[in-house]
Amino acid sequence: MKKLILLLFISLLSSCDNKQNSLKEMKLNGKVNSVTQTTYSAVEKFREPERDEFLFETEYVFDKDGFYKKWESFSADGELLSKAKPKYDDDGNMKEFKYYNSENELLNKQYCKYDSDGNMIEHKYYSDGKLNHKVNYKWDDDGLFITQFKQYDMDGKLIIKLKYKYNDFDNKKNWQERIGYERGKAVEIMERDIEYYD
């Protein structure tokens, strides 16, 4: 449970041209208006993963150019846990996030690193100017899906390693369910509800 809550500030990452936007970084197809991601802990029954405890929900809202207008995370009772404000480089890549609580107090800063194909491969999180933890992502050969997630503490010690499996795609070929496995056992289920501009 403690491990899963550490994932709160990690929100997942998606062309005709080389110019990035938020939809491309999250690998979202179509004219997406909003995405609601709900994360649960998972249990296995008869070797099949099932939802267990609600962990948090994150809502992303995009403008018509595909950039974030809103990014907020909520607890089970609807309390605002954090809201993010991204900063972009000249190529449209997200280079920095600042996370704030409901009182607009800065919680932490997140810095992003990309590979040569424009896939986000690393996040570093800083609190009070000090490295808090680091996350690395591994992508599939086509650069469409994150297949592996590793989280390290401030001393570089591995604390979480998840492998992902994707299920249930909509008619835009956007995934609607992702299951995270730790040592072969399902520990997390994320579900996505996607709304599109007309």
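Since this is a predicted model, take the numbers as computed values, not measurements.

**Student:** Is there a simple way to explain the overall build of the protein in this structure?
**Tutor:** The helix and strand inventory of the protein stands at two helices and 12 strands. When the helices and strands of the protein are placed in sequence order, the string is α-α-β-β-β-β-β-β-β-β-β-β-β-β. The globule rule puts the C-alpha radius of gyration for 198 residues at 16 Å, and the 16 Å found for the protein is close to it. Taken over the C-alpha atoms alone, the protein extends approximately 45 × 45 × 35 Å along its principal axes. Per-residue burial over the protein gives 45% buried out of 198 residues. Accessible surface, the protein as shown: approximately 11300 Å² in total, 44% of it carbon and sulfur. Side chains of the protein give 34 positive and 38 negative charges; the mean places of these two sets differ by 4 Å.

**Student:** What's the story with the nonpolar core in this structure? I'm lost.
**Tutor:** Within soluble globular proteins, side chains that are nonpolar tend to cluster in buried spots. In terms of nonpolar packing, the biggest core is built from 30 residues, with Leu-28 and Phe-62 touching the most fellow members. It is strand 10 (residues 158-169) that contributes the most residues to this core, four residues altogether. Those residues in contact with Phe-62 that lie beyond four places of it in its chain are Ser-22, Leu-23, Met-26, Leu-28, Val-32, Asn-33, Ser-34, Val-35, Phe-67, Tyr-68, Lys-69 and Tyr-197.

**Student:** Before we go on, may I ask you to explain the sheet that holds strand 11 (residues 175-182) in this structure?
**Tutor:** The pairing of strands in a sheet happens through backbone hydrogen bonds and is either parallel or antiparallel. Read around the closed barrel, 12 strands run 1-2-3-4-5-6-7-8-9-10-11-12, paired in antiparallel fashion. The mean inter-strand angle of the sheet, taken between neighbouring strand axes irrespective of direction, is 25°.

**Student:** Just checking my understanding: could you explain unusual backbone geometry for this structure?
**Tutor:** Residues apart from glycine generally show negative phi values, whereas peptide bonds are mostly found in trans. In the Ramachandran plot, Asn-104 falls in the positive-phi region, its phi being about 65° despite a non-glycine side chain. By the secondary structure assignment, Asn-104 is in the loop between strand 5 (94-100) and strand 6 (106-114). For Asn-104, a relative accessible area of 48% translates into the label partly exposed. Phi is positive for Asp-128, close to 55°, though the residue is something other than glycine. Take Asp-128: it is sitting in the loop between strand 7 (120-127) and strand 8 (130-139). Among the residues examined, Asp-128 registers a relative accessible area of 81% and is labelled exposed.

**Student:** Any chance you could explain the packing of aromatic side chains here in plain terms?
**Tutor:** Note on aromatic pairs: each is described by the distance of the centres and the angle between the planes. Considering all chains together, one arrives at 16 aromatic pairs under this definition. Geometrically, the ring pair formed by Phe-67 and Tyr-88 is edge-to-face, given 5.1 Å between the ring centres and 85° between the ring planes. Note that Phe-67 is positioned in the loop between strand 2 (48-62) and strand 3 (68-74) and Tyr-88 in strand 4 (residues 80-88), a separation of 21 residues in sequence. Relative accessible area serves as the criterion here: at 25%, Phe-67 is assigned to the partly exposed category. Residue class for Tyr-88 comes out partly exposed when judged on its relative accessible area of 25%. An aromatic cluster is present here, built from Tyr-60, Phe-62, Tyr-68, Trp-71, Phe-97, Tyr-99 and Tyr-125 joined pairwise through their rings.

**Student:** Looking at this structure, I do not really get the pairing of strand 11. What am I missing?
**Tutor:** Each regular strand shows side chains that alternate between the opposite faces of the sheet. Most of strand 11 is tucked away, with seven of its eight residues classed as buried. For strand 10 and strand 11, the ladder comprises six bridges, and the chain directions are antiparallel. Opposite Tyr-164, over in strand 11, you have Gly-180 as the bridge partner. Here strand 10 folds back onto strand 11, and the loop between the two strands holds five residues, one of which, Lys-173, carries a positive phi near 70°. Where strand 11 and strand 12 (residues 185-196) come together, six bridges link them in antiparallel fashion. Looking across to strand 12, one finds that Tyr-181 is bridged to Ala-186. Counted between consecutive antiparallel strands, the loop separating strand 11 from strand 12 contains two residues, among which Arg-183 sits at a positive phi close to 55°.

Thresholds, definitions, all that
Residues numbered from 1 in each chain as written. Predicted model: local features only at pLDDT ≥ 70, side-chain atom pairs only at ≥ 80, totals over all residues. Heavy atoms only, no water. Helix = DSSP H or I, 4+ residues; strand = E, 2+ residues; numbered from the N terminus. Rg over C-alpha atoms; globule rule 2.2 N^0.38 Å. Buried < 20%, exposed > 50% of the residue type's maximum accessible area, 1.4 Å probe, protein only. Areas by Shrake-Rupley, 256 points an atom, 1.4 Å probe, with all protein chains shown as cover. Lys, Arg positive; Asp, Glu negative; His and termini not counted. Charge placed at Lys NZ, Arg CZ, Asp CG, Glu CD. Core = buried A, V, L, I, M, F, W, Y, C linked by side-chain atoms within 4.5 Å. Contact = heavy atoms within 4.5 Å. Pairing = 2+ DSSP bridges. Axes fitted to C-alpha atoms, helices over the stretch in contact; angles between N-to-C directions. Phe/Tyr/Trp six-rings, centres within 6.5 Å; stacked < 30°, edge-to-face > 60°.

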